[in-house]
Amino acid sequence: MSSSAQAAITVDPAVLEHPSDEDYATSGYDTSTASLTNSIREYAFENGRRYHTYFGADKNPLPTDETEQDRLDVHHEVFLILLDRKLHRAPIGKSPNRILDVGTGTGIWAIDMADKYPSAEVIGVDLSPIQPGWVPPNCRFELDDAELDWTFRPDYFDFIHIRNLSQAVTKWEKVLSEAYRCTIPGGYIELAELGGVAHSDDGSMSPDNGVKVFLSLLDSGLRKMGRVASATGESLRANLEDAGFVDIDIFTCKQPLAPWAHDKKLKQVGAVALLSAPTGFHAYGMAVFTRVLGMDPEEADMVCKRATAAVMNKNNHIYTYFYVVHGQKPTEKE
Ligand SMILES: C[S@@+](CC[C@H](N)C(=O)[O-])C[C@H]1O[C@@H](n2cnc3c(N)ncnc32)[C@H](O)[C@@H]1O
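All of these numbers come straight from a predicted model, not from anything done at the bench.

What about the overall build of the chain?
- Tallying secondary structure elements over the chain gives eleven helices and nine strands in all.
- Taking all 334 residues of the chain together, the buried fraction comes to 55%.
- Partitioning the intrachain contacts of the chain with sequence separation of at least 6 by distance along the chain shows that 75% fall at a separation of at least 24.
- Total accessible area on the chain is roughly 14900 Å²; 52% of this is exposed by carbon and sulfur atoms.

A few points about the sheet that holds strand β7 (residues 183–194)
- Reading across the sheet, the seven strands line up as β5-β4-β3-β6-β7-β9-β8 and stay open at both edges, with mixed pairing between neighbours. Looking at which strands have only one partner, the edges of the open sheet turn out to be β5 (139–143) and β8 (246–256). In this sheet, adjacent strand axes meet at a mean angle of 15° when their direction is disregarded.
- Relative to β5, strand β4 (residues 121–126) is paired through five bridges, and the arrangement is parallel. Bridge pairing in β5 places Ile123 opposite Arg140.

Concerning the environment of Lys305
- With respect to the helices and strands, the residue Lys305 is situated in helix α11 (residues 297–312).
- Residues Lys305 and Gly210 lie 95 residues apart in sequence; the distance between their C-alpha atoms is 8.2 Å.

Re the nonpolar core
- The biggest cluster of nonpolar side chains holds 79 residues, and the ones touching the most others in it are Trp150, Ile160, Ile162 and Phe214.
- Excluding anything up to four places from it in sequence, Phe214 contacts Phe281, Tyr284, Gly285, Phe289, Val303, Cys304 and Ala307.
- Core analysis: the next-biggest nonpolar cluster, separate from the first, contains 16 residues, Leu87, Tyr117, Ala120 and Phe159 among them.

Focus on the pattern of salt bridges
- What the rule picks out here adds up to 17 salt bridges.
- A salt bridge links Lys265 to Asp84, with the shortest nitrogen-to-oxygen separation between them at 2.8 Å. Taken together, the residues span a long stretch of sequence, with Lys265 in helix α9 (residues 264–275) and Asp84 in the loop between α4 (66–82) and β3 (98–102) at a distance of 181 residues.
- Judged by relative accessible area, Lys265 falls into the partly exposed class, the value being 28%.

Concerning the site of the ligand
- Every one of the 19 residues lining the ligand counts as a neighbour, but Gly103, Asp126, Asp145, Ala146 and Arg163 are closest to it.
- Within the contact set of the ligand, an oxygen atom lies 2.6 Å away from a side-chain nitrogen or oxygen of Asp126.
- Leu127 places a main-chain nitrogen or oxygen 3.4 Å from a nitrogen atom of the ligand.
- Within the complex, the protein chains bury 98% of what would otherwise be the 600 Å² of accessible surface of the ligand.

Things to note about helix α8 (residues 233–243)
- When α8 is considered as a whole, its buried residues turn out to be Gly233, Leu236, Leu240 and Ala243. Taken around the axis of α8, the buried residues stretch over an arc of 95°, which confines them to a single face.
- Those residues of α8 that are buried lie in contact with α6 (172–182), β7, β8 and β9 (319–328).
- Downstream of α8 by a residue or two, Gly244 has a phi angle that is positive, lying close to 115°.

Let's talk about the pairing of β7
- A large share of β7 lies buried, amounting to ten of its twelve residues.
- In this sheet, β7 lies alongside strand β6 (residues 157–163) in parallel orientation, the contact comprising six bridges. If you follow Phe159 over to β7, its bridge partner there is Tyr188.
- Regarding the hand of the β-α-β motif, the stretch spanning β6, α6 and β7 is right-handed.

A few points about the pairing of β9
- Across the ten residues of β9, ten count as buried, placing the element largely inside the fold.
- Side chains Tyr319, Tyr321, Tyr323, Val325 and Gly327 of β9 all project onto a buried face; the interleaved residues Thr320, Phe322, Val324, His326 and Gln328 project onto the opposite face, where all are buried too.
- Pairing between β7 and β9: seven bridges, direction antiparallel. Opposite Glu190, over in β9, you have His326 as the bridge partner.
- Across nine bridges, the pairing between β8 and β9 is antiparallel. Residue pairing across strands places Phe251 opposite Val324, the latter belonging to β9.

A look at the side chain of Asp126
- Counting through the fold element by element, Asp126 comes out in strand β4.
- Buried and without a salt bridge, Asp126 has Arg50 as its closest oppositely charged side chain, separated by 9.4 Å.
- Those residues in contact with Asp126 that sit more than four places away from it in its chain are Gly103, Thr104, Gly105, Gln131, Glu142, Leu143 and Asp144.

Describing unusual backbone geometry
- Of note in the backbone geometry, Asn164 takes a positive phi value of approximately 60° without being a glycine.
- Mapped onto the elements, Asn164 comes out in the loop between β6 and α6.
- For Asp247, which is not glycine, the phi torsion reads 50° and is therefore positive.
- Examined against the element boundaries, Asp247 turns out to sit in strand β8.
- Given the relative accessible area of 54%, Asp247 is considered exposed.

Rules of the game
- Residues numbered from 1 in each chain as written.
- Predicted model: local features only at pLDDT ≥ 70, side-chain atom pairs only at ≥ 80, totals over all residues.
- Heavy atoms only, no water.
- Helix = DSSP H or I, 4+ residues; strand = E, 2+ residues; numbered from the N terminus.
- Buried < 20%, exposed > 50% of the residue type's maximum accessible area, 1.4 Å probe, protein only.
- Contact = heavy atoms within 4.5 Å.
- Areas by Shrake-Rupley, 256 points an atom, 1.4 Å probe, with all protein chains shown as cover.
- Pairing = 2+ DSSP bridges.
- Axes fitted to C-alpha atoms, helices over the stretch in contact; angles between N-to-C directions.
- Core = buried A, V, L, I, M, F, W, Y, C linked by side-chain atoms within 4.5 Å.
- Salt bridge = Lys/Arg side-chain N within 4 Å of Asp/Glu carboxyl O.
- Near = heavy atom within 4 Å.
- Polar contact = N/O pair within 3.5 Å; in protein donor to acceptor, adjacent residues only side chain to side chain.
- Arc of directions from axis to C-beta.
- Right-handed = clockwise from strand over helix to strand, strands pointing away.
- Lys, Arg positive; Asp, Glu negative; His and termini not counted.

Following this line, the structure appears as structure tokens:
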């Protein structure tokens, strides 16, 4: 882990000046929470969200409605700030030929990559057709399940990118063996995942904090589904090595969930992350809590709301880790 990822984050004194009560209405951040309302009415709804079921009802436990699409785009900005506006860390050179984004979501990363590398053909694959039609000419999207056999030729992509997919995939071995097969010798793969554990450096997070409770329930539910709730740099490294990739590089940093940090960049990260907190907890929690853990919707919704309240409370200085791990497919000589 890099030394910056180990250092405690100093809390902004302006945040500390707040009275230490648990009432987030008085001690919370001055920001509005986004509405959960969405305008799509022609799909199957559950708890007010639209889920995509074409590849199986439980394939992706997250909704893919407009609320979720907005959240994904906001989170893209969080990742960009954390990475100093870099779209990736793997040293892919100035003119890659083919780039693949697996589980592309709204395609925002793929579109940015197509703009950045006009020489490259950038393909985004997802279960859901939620990508825009108006995209750079060198970018396109395909509908497919990454856990099935890939249709791409062997030794095809210079770079394969997979971000924020851990909660959706059961067969990582399959996904990464297909990724290995489809990467050119000497090409790169990069995995970017948030850790599913909440931390605080100053003891400001009690064991019954809403975020901790939320993440622990999410962990139980995802485990029941055979999913990995909490990736780490080392677990991602192991997955890449098992698939055959070498020269693994692990980047780790902290992602505050609200703008409580003194550091300017981390405060910005927290401010943007906070914008998507209410819909994010709802998106990650509802299907897993109700379908897998058998909670009733009101109870599940309350867990999500308590997590949001905990993040909104200026007295809780909570962060998760963000891991970006890349590896290389050996060249033929190797
Ligand atoms: C949390 S979103 C992340 C989107 C995008 N990677 C990002 O970082 O903005 C996960 C996305 O992966 C897609 N997904 C989940 N399982 C998948 C699978 N087996 N094959 C392809 N896409 C998948 C979902 O439909 C969803 O759009």
